[in-house]
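Coordinate analysis (summary)
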Amino acid sequence: MARTAASRRRRPRGDDRISALSDDLLYLVLRRLDIRTAVGTAVLSRRWACLRRELPVLDFSVDAMLPPRYHRWVQLHDQVGKASFQYDMTQVSRELMPNIRRYEHRAMRALTRSVETFLDAAASAVRRRKISRLRLEFFVTPTPSTACMNQLIAEAIDACGVDDLHVVAKPIFWRRGVHNFASHGLCKEPSASRLQSLKLGGCVLPPLHEYGALTTLILKDIPESTPEAAYEGVFTLCQQLQVLHLISCGCSGGAIFVDAPMSKIRELVVDECRFRRLRLRALPNLESLASLGPRVFLESASFPRLRKFNLTCSHGMTMRGFREYLKKNLKIDHESLLEYMPDITHLVLRISGPDRWIVPSRSLSTLLPNLRRCLIADVPSSWDVSWARLLIEKAPALEVLHIHIATCIEEPGDEIRWKPTIRRHHHLEEFIMVGYEGTGRQIYLVNFVMRVCTALRRVSIFKNGHARNKGHWDWELVTQQHSWTDEEKDSTLMHIMDGVSLSVDPVQLAFG
């Protein structure tokens, strides 16, 4: 042991290669660390502590403060009550919940200390630090943590000139809670702020009309106590806003009315919000609209720039009495569904329900004269999928049509009675159906496409697969190869080619 210790003392010390790196390289290392690890680097040397204070991006996340054991306790709690898992329910209150809460409070104390350290350093600094982005994620707990988080937000906006701010407040496990900002709102001088992008989650909606540089706003889990006027004010008073996403937001009233002729909003996403409906009367710069969950209604033609539309919704109930009532009374014709959007070029329809609720319109007008690409997805296999013929007839410029059929256990529903048509479609080049089961209505639709589309170049039929989103207004079809027997191919070809005249340029058929 003595010889070993002596040899260690005689061993020459190696160079500190990390300290030999340039500041730019060390900044790259620090930017890839979570806040807990980044704070820990301060013990390496004074240089590391100084570098951490100069980073233009700050990330304070309570998740980074939670140990792996916390997540194991949460997983254990999720297993309680399942048939394959035996656990004494009294131990839930005696052991599980106290352990989960203890780790959450420890994590919040650690996060609060980190925030306080930053604020103390900022207060004593000779020159103000510039921050481009701040991400703050924390549990909703009583003061002083709330006051500390609000102070950090105000300091970042007022003194550090942050232009990208993410604030996500999470309720502690199995409890409800939202974060309240200080009486002055996010900061003390909103009119002088440089804030351009803001994401708020689990917070009471603060006044935003004075943030003149704000162009992107994402609101998530805003509480149901929020009045309609607060949302309407975002549309009408935030005059520089261009991108607005409302995700899982609540509202104290029934409907929100938007009449904002001066608005510059060009992208609007309404995703699984807990208000009944959103009625749009005027958004003249709107280019892309996604209605995911609750219906977004267009009540006028004051959307001259709208080009992309995503409608994702499900209607109906499986309870016997209610199902029969809705089956008879819940009928929406496709013209009212796509009203006031004649200039859209990209359309995504993800519609479903136990019974088909979309019906043909009696109008003979051209509904979508500029539509080029269309996806119809998640259509239950019990529906008469031939309703897609409506879009082919109402969209004379359509070039690409993709259809995804989702397998369900319901019995086939009522069929649409179509009248013979002599119309021809001269622009559709690609038709793909995924989820093909060879039912009569599926065969009818493919045969209709083959008969009336004169520019058709590619037709693909896949038995397995799904449609995957690429953002809100684009997609890709993910298919699984299926080995068709010669008998299946011959039978399918015989049905889909029935009555199809041979053209000079044959259609490329693919089976998968």
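Computed from a predicted model, the values in this text were never measured in an experiment.

1. A few points about the overall build of the chain
If you tally the helices and strands in the chain, you get 13 helices and 22 strands. Here the chain holds 512 residues, and the buried ones make up 46% of them. Of the contacts formed within the chain by residues at least 6 apart in sequence, a portion of 70% connects residues at least 24 apart. Here the chain displays about 27,000 Å² of accessible surface, and carbon together with sulfur accounts for 50% of that area.

2. Regarding a positive patch on the surface
On the surface, a cluster of positive charge is contributed by R102, R106, R109 and R113. In this fold, R113 is placed in helix 6 (residues 89–124).

3. Focus on the sheet that holds strand 9 (residues 277–282)
The pairing of strands in a sheet happens through backbone hydrogen bonds and is either parallel or antiparallel. If you trace the three strands from one edge of the open sheet to the other, you get 7-9-11, paired in parallel fashion. Each edge of the open sheet is held by one strand with a lone partner, namely strand 7 (255–259) and strand 11 (296–298). The sheet shows a mean angle of 20° between the axes of neighbouring strands, direction not considered.

4. With respect to the side chain of S386
Residue placement: S386 occurs in the loop between strand 16 (373–380) and helix 11 (389–394). You can call S386 buried: its relative accessible area is 0%. A polar side-chain atom of S386 sits 2.9 Å from a polar atom in the side chain of W418. Non-local contacts of S386, meaning those with residues more than four positions away in its chain, are made with I416, W418, R441, Y444 and L445.

5. Section: helix 5 (residues 68–79)
Helical geometry: 3.6 residues make up each α-helical turn, so side chains three or four residues apart lie on a common side. Along its twelve residues, helix 5 runs 17 Å from first to last C-alpha, staying within 8% of the 16 Å computed at 1.5 Å per residue. Every buried residue belonging to helix 5 is among Y70, W73, V74 and H77, and all of these are buried. Along helix 5, the residues classed as buried sweep out an arc of 100° about the axis, all on the same side. Counted as exposed and oriented over 90 degrees from the buried face of helix 5: P68 and Q75.

6. Examining the packing of aromatic side chains
How two aromatic rings sit relative to each other is given by the distance of their centres and the angle of their planes. Within this structure, the stated rule accounts for six aromatic pairs. Here the aromatic cluster, defined as three or more aromatic residues joined through ring pairs, consists of Y436, W484 and F511. Across the ring face of Y103, the terminal group of R102 is positioned such that the distance to the ring centre comes to 5.7 Å. When the ring centre of W484 is taken as origin, the NZ or CZ atom of K463, which lies over that ring, is 4.6 Å away.

7. So, the confidence of the model for the chain
Taken residue by residue, the chain gives an average pLDDT of 86. The fraction at 70 or more is 84%. Counting contacts from residues 5–12, a segment whose pLDDT is below 50, to residues more than four positions away or on other chains yields zero contacts.

8. Observations concerning the nonpolar core
If you look at the biggest cluster of nonpolar residues, it comprises 131 residues, and the most contacted ones within it are L268, L280, L338, L347, W387 and F431. Ranked by residue count, the leading element in this core is helix 6, at eleven residues. Contacts of L280, omitting those with residues within four sequence positions, involve V258, L268, L286, L289, V296, F297, L298, E299, S300 and F303. One finds V348, L375, A467 and W475 within the second-largest nonpolar core, a separate group that totals five residues.

9. Points about the pattern of salt bridges
Taken as a whole, this structure holds 17 salt bridges when the rule is applied. In this structure, E299 engages R281 in a salt bridge whose closest nitrogen and oxygen atoms are separated by 3.1 Å. Taken as a pair, E299 in the loop between strand 11 and strand 12 (308–314) and R281 in strand 9 lie far apart in primary sequence, 18 residues in all. R281 sits in the partly exposed class, given a relative accessible area of 36%. R458 serves as the salt-bridge partner of E430, at 3.2 Å between the closest nitrogen and oxygen. With a gap of 28 residues between them, E430 in strand 18 (residues 430–434) and R458 in strand 19 (residues 458–462) connect regions that are remote in the sequence. Through salt bridges with shared partners, a single ionic network connects D59, D63, R135, E137 and K170.

10. Things to note about the pairing of strand 4 (residues 197–201)
Within a regular beta strand, the side chains point alternately toward one face of the sheet and then the other, so they alternate between its two faces. Burial within strand 4 is extensive, with four of its five residues counted as buried. Here strand 3 (residues 164–170) runs beside strand 4; their pairing, made up of five bridges, is parallel. If you follow V168 over to strand 4, its bridge partner there is G201.

11. So, the side chain of S263
With respect to the helices and strands, S263 occurs in the loop between strand 7 and strand 8 (267–271). Owing to a relative accessible area of 3%, S263 belongs among the buried residues under this scheme. A distance of 3.1 Å separates a polar atom in the side chain of S263 from the backbone nitrogen of I265. Residues contacting S263, with those up to four places away along its chain left out, are F235, L283, P284 and N285.

12. Topic: the environment of D474
Inspection of the secondary structure assignment puts D474 in the loop between strand 20 (464–469) and strand 21 (475–480). Judged by relative accessible area, which is 28%, D474 ranks as partly exposed. On a C-alpha basis, the gap between D474 and N310 in space is 9.3 Å, while along the polypeptide they are 164 residues apart. Excluding residues within four positions of it along the chain, D474 makes contact with R373 and N469. There is a polar contact of 3.4 Å between the side chain of D474 and the side chain of R373.

13. Comments concerning helix 12 (residues 440–452)
Across its 13 residues, helix 12 extends 18 Å between first and last C-alpha, which sits within 8% of the 18 Å expected from 1.5 Å per residue. Burial analysis of helix 12 places ten of its 13 residues in the buried class, which makes it a mostly covered element. Three or more residues of helix 12 are buried, namely R441, Q442, I443, L445, V446, N447, F448, V449, M450 and V452. For helix 12, the elements touching its buried residues are helix 11, strand 17 (400–406), strand 18, strand 19, helix 13 (486–496) and strand 22 (508–511).

14. As for the environment of G201
When you line up the elements, G201 lands in strand 4. Its relative accessible area of 5% is what places G201 among the buried residues.

Definitions and cut-offs
- Residues numbered from 1 in each chain as written.
- Predicted model: local features only at pLDDT ≥ 70, side-chain atom pairs only at ≥ 80, totals over all residues.
- Heavy atoms only, no water.
- Helix = DSSP H or I, 4+ residues; strand = E, 2+ residues; numbered from the N terminus.
- Buried < 20%, exposed > 50% of the residue type's maximum accessible area, 1.4 Å probe, protein only.
- Contact = heavy atoms within 4.5 Å.
- Areas by Shrake-Rupley, 256 points an atom, 1.4 Å probe, with all protein chains shown as cover.
- Patch = residues over 30% accessible without salt bridge, like charges linked within 9 Å, V, L, I, M, F, W, Y side chains within 5 Å.
- Salt bridge = Lys/Arg side-chain N within 4 Å of Asp/Glu carboxyl O.
- Lys, Arg positive; Asp, Glu negative; His and termini not counted.
- Charge placed at Lys NZ, Arg CZ, Asp CG, Glu CD.
- Pairing = 2+ DSSP bridges.
- Axes fitted to C-alpha atoms, helices over the stretch in contact; angles between N-to-C directions.
- Polar contact = N/O pair within 3.5 Å; in protein donor to acceptor, adjacent residues only side chain to side chain.
- Expected span 1.5 Å × (residues − 1).
- Arc of directions from axis to C-beta.
- Phe/Tyr/Trp six-rings, centres within 6.5 Å; stacked < 30°, edge-to-face > 60°.
- Lys NZ or Arg CZ within 6 Å of the ring centre and 35° of its normal.
- pLDDT = per-residue confidence, 0-100.
- Core = buried A, V, L, I, M, F, W, Y, C linked by side-chain atoms within 4.5 Å.

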